[in-house]
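# Secondary and tertiary structure notes
These are the residues of each chain, in order.
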Amino acid sequence: MKSNPYLSGNFGPVTEEVTAFDLQVTGQIPAELNGRYLRNGPNPITADPETYNWFLGDGMVHGVRLQGGQAEWYRNRWVKSPDSFAPNTNVIGLNGRTLALVEAGAPPVELGFELDTIGTSDFGGTLSHGYTAHPKVDPVSGELHAASYIWSLPNVIEYTVTGPDGTVIRREEIPVPGSPMVHDISITESSAVFYDLPVVFNLEDAMAGIGLPYAWSNDYGARVGVLPRQGTGTDQLRWFEVNPCYVFHAVNAHDAVGANGQQLIVLDVIRFDRVFDQSRLGPDECIPYLWRWTLDLQSGRVTEEQLSDQPIEFPRVDERLVGKKHRYGWATSVYSGTGEPGAYGIFDGASIACYDFQTDSLTRHEMGPGRFAGEAVFVPASETASERDGYLMSMVYDTGTDRSDLVILDAQDLLAEPLATIHLPQRVPFGFHGNYVAE
Ligand SMILES: [Fe+2]
């Protein structure tokens, strides 16, 4: 039987739901961290190695509750969904609820405080077609901006704005030439930005039963759409052509003013030359890099610039700066920066990186031999802390112990030893996204 890298090593699923209390800690957990660090990822109950795509495993959320400098508990629970795919991509706190999220039509699943499944959510009857794994929360209004899609609603990216109470208050259909896979959205203070890129629904694949019926298209083209956030309707929607590529994740976006006084929109993105062309099991046929796209709203031109030659993915910023100009971006290194596939293929996080957009420099906290980080979530030290004053939290797999740790780094002193390493009772398979949900 053919081996599948996304079922091997620490990509492979764990088989038990574990509950553990009073976890062992090396170092000191900052006492102001009272809340849960939660992370979602694929943990298939069954999978065919011939066809299993990393994006398709049943979701499992791992969580650690921090209280007063202690790690009170660890829990991992499958996300359970009675009637559709169990969301495996992100987990957020929203208005006191915990929601597991995925794109492409499956509804969010609400989890309890201790991560047991409560049931699917349609945002109180206001969500018609599933959601996205990557809503962007406007830090001023608390509104969630989302780009969603489902194959049964072709030629449309569904744009929703959800109020902080968790009900949809605006819905627009963004017209597109086909059925693209849309993983993320960007917002600025003025605009919402949509990524219409050439990974598209493939009916032949769907009919043939291929698990992920989305594939690279040489014909589809690539563009980003800009819609002013004020007003209703899509009559002011504008499209900007970019070179064909794929972007799963935008770092952040902001409005700016050009040399001639013209309005610009600056998009910082993690760009793959292509995905899902030759390799259909995961996004692993090209190396992702940090790029900046500057959209000139006067001329209609786009300037595309690669900012770093260091391969990174899973970008995050201080969420208080979503839609505003940021100085720092946080990410996880991939390919170990060597140009060679690492021990676990492309997504081995041998380091956590900070990109300084002011000095155009990248610094890395190396996780150490045989240790591999996932996405690093930035948590400000307080509501009024400056942009870099806070912590980075990431699940780190240790090949030596075959277990994982929740590692907390000082974001201002990235090269220092971790502030705290919370030892978990089992490994946490490489997965996708998480968040710290403060209490
Ligand atoms: Fe993602």
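Our subject is the structure that appears above.
What you are looking at is a predicted structure, and each value in this text was computed from that prediction instead of being measured. (Residues numbered from 1 in each chain as written. Predicted model: local features only at pLDDT ≥ 70, side-chain atom pairs only at ≥ 80, totals over all residues. Heavy atoms only, no water.)

## A few points about the overall build of the protein
What the protein contains, in helices and strands, is 1 helix and 33 strands. In terms of C-alpha radius of gyration, the protein reaches 20 Å, essentially the compact-globule figure of 22 Å for 439 residues. Projected onto the principal axes, the alpha-carbon positions of the protein cover approximately 55 × 50 × 45 Å. Expressed as a percentage of the 439 residues in the protein, the buried residues total 60%. Taking the intrachain contacts of the protein between residues at least 6 apart in sequence as the baseline, contacts between residues at least 24 apart amount to 60%. In the structure as shown, the protein presents an accessible area of about 16900 Å², 48% of it carried by carbon and sulfur atoms. (Helix = DSSP H or I, 4+ residues; strand = E, 2+ residues; numbered from the N terminus. Rg over C-alpha atoms; globule rule 2.2 N^0.38 Å. Buried < 20%, exposed > 50% of the residue type's maximum accessible area, 1.4 Å probe, protein only. Contact = heavy atoms within 4.5 Å. Areas by Shrake-Rupley, 256 points an atom, 1.4 Å probe, with all protein chains shown as cover.)

## Topic: the pattern of salt bridges
The full count for this structure, using the stated rule, is 25 salt bridges. Notably, a salt bridge pairs Glu-158 with Arg-171, separated by 2.5 Å at the nearest N-O pair. Of this pair, Glu-158 sits in strand β12 (residues 156–162) while Arg-171 sits in strand β13 (residues 168–175), and the two are 13 residues apart along the sequence. Here Arg-364 makes a salt bridge to Glu-366, at a shortest N to O gap of 3.4 Å. Its relative accessible area of 46% is what places Glu-366 among the partly exposed residues. (Salt bridge = Lys/Arg side-chain N within 4 Å of Asp/Glu carboxyl O.)

## Brief notes about the nonpolar core
With 68 residues, the main nonpolar core has Met-181, Phe-194, Tyr-195, Leu-267 and Trp-293 as its most contacted residues. For this core, the element with the most residues is strand β20 (residues 246–257), which contributes 6 residues. Leave out the neighbours within four places in its chain, and Phe-194 touches Ala-147, Ile-157, Tyr-159, Ile-174, Ile-185, Arg-223, Val-224, Gly-225, Leu-227, Leu-237 and Trp-239. Counting residues in each nonpolar core, the second largest holds 22 residues, with Tyr-37, Val-379, Ile-422 and Tyr-436 among its members. (Core = buried A, V, L, I, M, F, W, Y, C linked by side-chain atoms within 4.5 Å.)

## Regarding the coordination of the iron ion
Distances from the iron ion to its protein donors, His-134 (NE2), His-183 (NE2), His-249 (NE2) and His-433 (NE2), fall within 2.0 to 2.1 Å. Classification of the site at the iron ion rests on its 4 donor atoms, whose angles at the metal span 92 to 161°, yielding the label irregular. We note that the donor set of the iron ion lies within a single chain, spaced as H-x48-H-x65-H-x183-H. Of the two residues, His-249 is situated in strand β20 and His-433 in the loop between β32 (420–423) and β33 (434–438); the sequence distance between them amounts to 184 residues. (Donors = N, O, S within 2.8 Å, 3.2 Å for Na, K, Ca; no water. Tetrahedral: all angles 85-135°; square planar, octahedral: opposite > 155°, others 65-115°.)

## Examining the environment of Gly-368
In this fold, Gly-368 is placed in the loop between β27 (361–366) and β28 (371–373). Residue Gly-368 is classed as partly exposed on the basis of its relative accessible area, which comes to 31%. The spacing of Gly-368 and Asp-398 is 30 residues in sequence and 9.2 Å in space, taken between C-alpha atoms.

## Structural notes on the sheet that holds β13
What the 4 strands build is an open sheet, ordered β10-β11-β12-β13; its pairing is antiparallel. A single partner strand is all that each edge strand has here, and the edge strands are β10 (136–137) and β13. By the bridge criterion, 5 bridges tie strand β11 (residues 144–148) to β12 in an arrangement that is antiparallel. Across the sheet, the residue bridging to Ala-147 is Tyr-159, located in β12. (Pairing = 2+ DSSP bridges.)

## Describing the packing of aromatic side chains
A full pass over the atoms with the stated rule returns 22 aromatic pairs. Taking the centre distance of 5.5 Å and the plane angle of 90° together, the rings of Phe-55 and Phe-276 count as edge-to-face. Pair noted here: Phe-55 is in the loop between β3 (35–42) and β4 (59–67) and Phe-276 is in the loop between β21 (263–272) and β22 (289–296), with a separation of 221 residues, a long-range link. The class for Phe-276 is buried, based on a relative accessible area of 0%. Within the aromatic cluster, the residues linked to one another by ring pairs are Tyr-6, Phe-11, Trp-54, Phe-55, Tyr-246, Phe-248, Phe-272, Phe-276, Phe-372, Tyr-397, Phe-430 and Phe-432. In this structure, Arg-271 is placed above the aromatic ring of Trp-291, and the distance from its NZ or CZ to the ring centre is 4.5 Å. The ring of Tyr-328 has Arg-388 sitting right over it, with the charged end atom 4.9 Å from the ring centre. (Phe/Tyr/Trp six-rings, centres within 6.5 Å; stacked < 30°, edge-to-face > 60°. Lys NZ or Arg CZ within 6 Å of the ring centre and 35° of its normal.)

## Some remarks on the environment of Asp-83
By secondary structure assignment, the location of Asp-83 is in the loop between β5 (70–78) and β6 (90–94). Using a relative accessible area of 60% as the deciding quantity, one classes Asp-83 as exposed. Spatially, the C-alpha atom of Asp-83 lies 9.1 Å from that of Ala-106, the residues being 23 residues apart in sequence.

## Thoughts on the pairing of strand β23 (residues 302–306)
Taken together, the 5 bridges between β22 and β23 define a ladder with antiparallel strand orientation. When the sheet's bridge partners are listed, Trp-291 is paired in β23 with Gln-306. Linking two consecutive strands that pair antiparallel, namely β22 and β23, is a turn of 5 residues; a positive phi of about 80° is found at Gly-300 within it.

## Section: the pairing of β3
Burial analysis of β3 places 8 of its 8 residues in the buried class, the great majority of the element. In this sheet, β4 lies alongside β3 in antiparallel orientation, the contact comprising 8 bridges. Among the inter-strand pairings, Arg-36 is bridged to a residue of β4, identified as Arg-65. Bridging between β3 and β33 involves 5 bridges; their strand directions are antiparallel. Paired with Arg-36 across the two strands is Val-437, which belongs to β33.

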